[in-house]
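# Architecture and fold: a report
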Amino acid sequence: MPSWTEMDARPPPRKQPRCAFLEGFSLHANTHLHANDRQALERLCRYGARGALALERLSRAEDGRIAYRMKRPLPDL
């Protein structure tokens, strides 16, 4: 497996400025909050603090292995 420094990020899509995609992860940095908008700041903090995996998609197989049900199928590479 190559290291993070060896991988190239895909360019952001034309319709979404300030976006990056790398190895199944995405970063969308096109969010702006006004200084007094505490409600939007709370929403953004809650979004950033949420877990990386949805626990309701985890299950244990009969042989003891852990399975994760994907929201969408992975693209063919």
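Residues numbered from 1 in each chain as written. Predicted model: local features only at pLDDT ≥ 70, side-chain atom pairs only at ≥ 80, totals over all residues. Heavy atoms only, no water.

## Remarks on the overall build of the chain
- On a plain count of helices and strands, the chain comes out with one helix and four strands.
- Going from the N terminus to the C terminus, the chain shows its helices and strands as β-β-α-β-β.
- Sorting the 77 residues of the chain into buried and exposed places 5% on the buried side.
- Taking the contacts inside the chain whose residues are at least 6 apart along the sequence as the reference set, 0% of them involve residues at least 24 apart.
- Of the accessible surface of the chain, which amounts to about 7,900 Å², a share of 54% is contributed by carbon and sulfur atoms. (Helix = DSSP H or I, 4+ residues; strand = E, 2+ residues; numbered from the N terminus. Buried < 20%, exposed > 50% of the residue type's maximum accessible area, 1.4 Å probe, protein only. Contact = heavy atoms within 4.5 Å. Areas by Shrake-Rupley, 256 points an atom, 1.4 Å probe, with all protein chains shown as cover.)

## Some thoughts on the pairing of strand 2 (residues 25-28)
- Pairing analysis gives four bridges linking strand 1 (residues 19-22) to strand 2, with the strands arranged antiparallel. Bridge pairing in strand 2 places F21 opposite S26. (Pairing = 2+ DSSP bridges.)

## What to know about the side chain of R57
- Note on placement: R57 falls in the loop between helix 1 (38-49) and strand 3 (58-60).
- Buried and unpaired, R57 has E56 as its nearest opposite-charge partner, separated by 5.3 Å.
- Leaving out residues up to four positions away in the same chain, R57 has contacts with A67, Y68, R69, M70 and K71. (Lys, Arg positive; Asp, Glu negative; His and termini not counted. Salt bridge = Lys/Arg side-chain N within 4 Å of Asp/Glu carboxyl O.)

## Notes on a nonpolar patch on the surface
- Together, L53, L55, L58 and I66 give the surface a local cluster of nonpolar side chains, amounting to about 410 Å² of exposed area.
- One can find L53 in the loop between helix 1 and strand 3. (Patch = residues over 30% accessible without salt bridge, like charges linked within 9 Å, V, L, I, M, F, W, Y side chains within 5 Å.)

## As for the confidence of the model for the chain
- Looking at the chain, the pLDDT average stands at 79 and 79% of residues meet or exceed 70.
- Of the regions scoring below 50 in pLDDT, residues 1-6 engages in six contacts with residues more than four places distant in sequence or in other chains. (pLDDT = per-residue confidence, 0-100.)

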